[in-house]
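Structural characterization, general
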Amino acid sequence: MIPTPLKRVKDFEELGFGMFIHWGLYSQLGKGEWAMERFNIPKDEYMKLFDTFTAEDFDAEDIVLTAKDAGAKYIVLTTRHHEGFSLYDTCGINEYDAPHSPANRDLIREFVDACNKYGIIPFFYHTTLDFWMDSF
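Rules used throughout
- Residues numbered from 1 in each chain as written.
- Predicted model: local features only at pLDDT ≥ 70, side-chain atom pairs only at ≥ 80, totals over all residues.
- Heavy atoms only, no water.
- Helix = DSSP H or I, 4+ residues; strand = E, 2+ residues; numbered from the N terminus.
- Contact = heavy atoms within 4.5 Å.
- Areas by Shrake-Rupley, 256 points an atom, 1.4 Å probe, with all protein chains shown as cover.
- Lys, Arg positive; Asp, Glu negative; His and termini not counted.
- Charge placed at Lys NZ, Arg CZ, Asp CG, Glu CD.
- Salt bridge = Lys/Arg side-chain N within 4 Å of Asp/Glu carboxyl O.
- Buried < 20%, exposed > 50% of the residue type's maximum accessible area, 1.4 Å probe, protein only.

What to know about the overall build of the protein chain
Each helix and strand counted, the protein chain has five helices and three strands in total. The order of helices and strands in the protein chain, counted from the N terminus, is α-β-α-α-α-β-α-β. For the protein chain, restricting intrachain contacts to residue pairs at least 6 apart in sequence, the fraction spanning at least 24 positions comes to 72%. Of the roughly 8,200 Å² that the protein chain leaves accessible, carbon and sulfur atoms contribute 55%. Taken as two groups, the 13 positive and 23 negative side-chain charges of the protein chain have centres that lie 7 Å from each other.

Some details on the pattern of salt bridges
Enumeration over the complete set of coordinates arrives at six salt bridges. The shortest N-O distance in the salt bridge between Glu45 and Lys48 comes to 3.0 Å. What makes Glu45 partly exposed here is its relative accessible area of 42%. For Lys48, a relative accessible area of 44% corresponds to the partly exposed category. Of the charged contacts, one joins Glu110 and Arg105 as a salt bridge, the two residues approaching to 2.6 Å between their closest N and O atoms. Note on Arg105: relative accessible area 23%, which makes it partly exposed.

Quick look at the structure:
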């Protein structure tokens, strides 16, 4: 018997080409989301990235238009990666997020608004793994 995928899986597969974007504290380093691990950056040094996170290079409309021009039907954006930093307001769970950083912005709200404006489906990557939660 040939298995039948769930409707949500089938619908996603039928979207075809999409884009996956990692964005977070590590974006300041330009070395990928595993920079701390790969380059043996001490935790205390890595944590200083929060204090300089302005997200000045995060332009949701530009991201969405680039994806649209490439033919993407959807974009997956990391809302939170393994270092526990969130790109949205965590509403009191902690203040280790973009709105409480020097960026002072909810980047996920900007992303969703741009996706809706230009007809791209937003998806989100949100990890449950958190390297450092026990230390906050």
